[in-house]
Amino acid sequence: MAGWLALMLTVAVAGRETTRELNVFQIMEVRSILGFFMLYPLFRMNGGFATMRTSRPLQHISRNLIHYGAQLGWFFALTLIPLGQVVAIEFTMPIWTAILAASFLGEHMTVWKVAAIVLGVVGVIIIVRPATGTLNPGQLIALGAAVGFGISITMMKSLTRTEQTLAIIFWMLVIQSTAGFLPSLYVWQWPSAYAWSWMVVIAFCGTFSHYCMARAMLYADATVVIPMDFLRVPLTAAAGWLIYSERLDMFTVMGAALILTGNLLNLKAVAPVPARVGT
């Protein structure tokens with residue numbers, strides 16, 4: 001999850017820079033194709049394409065089409081509202097993930113998991129301080145993307161029960177590059193060297209962030225892993241302050257403190273039960 005956080009933070013900055021020049025369909029297509037070639041050595045080291053076979057093709061297809069739509073919405077929202085607001089709205093995702101994981105995967109909702117989600121959401125609200133009135137289209141798109149990400153993460157957790165991590169990422173890249181091929185051709189324009197460099201960053205970080213997430217899902221419940229992602233809100237706020245000179249105010253500090261508290265509660269270890277001594 002530390003790898004996921006670092007890579008996704010980089011993707012947010014790279015996405016903001018790249019969307020200044022290129023259409024989101026083109027960015028997504030280049031990201032998927034470059035990501036495939038970046039992971040190719042790992043495919044070869046782990047048995048080649050024969051090990052990428054799956055008995056659950058429909059779930060791979062549905063999961064990746066949902067995820068593709070959510071990613072498009074996320075990148076598009078970056079062009080409409082501030083970066084920090086996009087990430088903050090995205091963090092309604094753990095609510096959907098926790099509900100879906102408990103409903104369909106049989107994961108147990110402990111008091112610590114509920115507390116982590118509640119404190120995380122309250123922390124996000126304090127940071128964003130949503131104004132009264134109507135939401136603009138960027139906020140609605142970001143919210144829709146968050147719902148899509150929640151569904152996608154839950155389906156990924158289900159896939160980790162039978163599929164290898166690399167197979168999940170392999171099918172993500174294949175399906176999403178196929179889905180976006182024609183739309184990207186329609187809007188294609190040759191990128192500048194500056195845009196190319198940022199797209200390489202997006203491809204690397206976007207691809208290997210999912211590898212990190214899939215591995216985290218393998219070792220822990222989705223309701224444990226996802227609340228840790230709340231840390232991306234204060235990290236993004238700090239990046240905005242350092243890179244774009246966005247003000248880091250007391251509300252951000254208070255929200256970050258609540259988010260961190262929720263994560264610490266969520267990671268609270270269950271005390272082991274002492275072994276009974278036979279008589």
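Residues numbered from 1 in each chain as written. Predicted model: local features only at pLDDT ≥ 70, side-chain atom pairs only at ≥ 80, totals over all residues. Heavy atoms only, no water.

Helix and strand counts for the chain stand at 13 helices and 0 strands. Along the chain direction, N to C, the helices and strands of the chain fall in the order α-α-α-α-α-α-α-α-α-α-α-α-α. For the chain, buried positions account for 48% of its 279 residues. Of the contacts formed within the chain by residues at least 6 apart in sequence, a portion of 91% connects residues at least 24 apart. Accessible surface, the chain as shown: approximately 13400 Å² in total, 71% of it carbon and sulfur. (Helix = DSSP H or I, 4+ residues; strand = E, 2+ residues; numbered from the N terminus. Buried < 20%, exposed > 50% of the residue type's maximum accessible area, 1.4 Å probe, protein only. Contact = heavy atoms within 4.5 Å. Areas by Shrake-Rupley, 256 points an atom, 1.4 Å probe, with all protein chains shown as cover.)

Attention now goes to the nonpolar core. The biggest cluster of nonpolar side chains holds 59 residues, and the ones touching the most others in it are Leu39, Trp74, Phe75, Val124 and Met213. Residue assignment for this core shows that the elements contributing at least two residues are α1 (2-18), α2 (24-45), α3 (57-78), α4 (83-90), α7 (137-159), α8 (165-179) and α10 (193-219). In terms of residue count, the dominant contributor to this core is α10 (9 residues). (Core = buried A, V, L, I, M, F, W, Y, C linked by side-chain atoms within 4.5 Å.)

A pair of packed helices is characterised by two quantities: the angle between their axes and the separation of those axes. Between α2 and α3, whose axes approach to 10 Å, the crossing angle comes to 125°. Classified by the angle between their axes, α2 and α3 sit oblique to one another. Both α2 and α3 take part in a crossing whose hand is right-handed. Residues Val24, Phe25, Met28 and Arg31 of α2 touch α3, and the partners they reach there are Tyr68, Gln71, Leu72, Phe75 and Phe76. Tallied by class, the residues present in the contact of α2 with α3 amount to 7 nonpolar, 1 polar and 1 charged. (Axes fitted to C-alpha atoms, helices over the stretch in contact; angles between N-to-C directions. Parallel < 35°, antiparallel > 145°, perpendicular 65-115°, else oblique. Left-handed = near helix turned anticlockwise from the far one by under 90°. Nonpolar A, V, L, I, M, F, W, Y, C, P; charged D, E, K, R; others polar.)

Right, let's talk about the packing of aromatic side chains for a bit. With the rule as written, the count across this model stands at 10 aromatic pairs. Between Phe36 and Phe37, the ring centres sit 5.8 Å apart and the planes meet at 85°, which makes this aromatic pair edge-to-face. Members of the aromatic cluster, each reached through a chain of ring pairs, are Phe36, Phe37, Phe43, Phe170 and Trp171. (Phe/Tyr/Trp six-rings, centres within 6.5 Å; stacked < 30°, edge-to-face > 60°.)

Right, let's talk about the packing of α2 against α10 for a bit. Between α2 and α10, whose axes approach to 8 Å, the crossing angle comes to 60°. Between α2 and α10, the angle falls in the class oblique. When the axes of α2 and α10 are compared, the crossing they make is right-handed. Taking contact as the criterion, the partners of Ile27, Val30, Arg31, Leu34, Gly35, Met38, Leu39 and Leu42 in α2 are, on α10, Trp196, Met199, Val200, Ile202, Ala203, Phe204, Gly206, Thr207, Phe208 and His210. Here the residues of the contact of α2 with α10 are counted per class, giving 13 nonpolar, 4 polar and 1 charged.

Let's shift gears to the side chain of Gln59. As for its position among the elements, Gln59 is in helix α3. Among the polar contacts made by the side chain of Gln59, one reaches the main-chain carbonyl oxygen of Met155 at a distance of 3.5 Å. Contacts of Gln59, omitting those with residues within four sequence positions, involve Met155, Ser158 and Leu159. (Polar contact = N/O pair within 3.5 Å; in protein donor to acceptor, adjacent residues only side chain to side chain.)

Let us now look at α4. In an α-helix, one turn spans 3.6 residues; hence positions three or four apart end up facing the same way. Burial analysis of α4 places 6 of its 8 residues in the buried class, which makes it a mostly covered element. Those residues of α4 that sit buried are Leu83, Val86, Val87, Ala88, Ile89 and Glu90.

The tally for this structure, following the rule as stated, stands at 1 salt bridge. Where Glu17 meets Arg20, a salt bridge forms, and the shortest distance between an N and an O atom there is 3.4 Å. We classify Glu17 as buried; its relative accessible area is 9%. (Salt bridge = Lys/Arg side-chain N within 4 Å of Asp/Glu carboxyl O.)

Further remarks concern a nonpolar patch on the surface. On the surface, Trp96, Ile99, Val147 and Ile151 cluster together to form a nonpolar patch covering roughly 300 Å² of accessible area. For the nonpolar patch, the elements supplying multiple residues, two or more each, are α5 (93-104) and α7. By relative accessible area, Ile151 is classed as partly exposed at 31%. (Patch = residues over 30% accessible without salt bridge, like charges linked within 9 Å, V, L, I, M, F, W, Y side chains within 5 Å.)

Let us now look at the environment of Phe181. As for its placement among the helices and strands, Phe181 is situated in helix α9 (residues 181-187). Residue Phe181 is classed as partly exposed on the basis of its relative accessible area of 43%. It is 8.5 Å that separates the C-alpha atoms of Phe181 and Phe25, two residues lying 156 residues apart in sequence.

Such coordinate-based values are descriptive only and should not be taken to indicate function.
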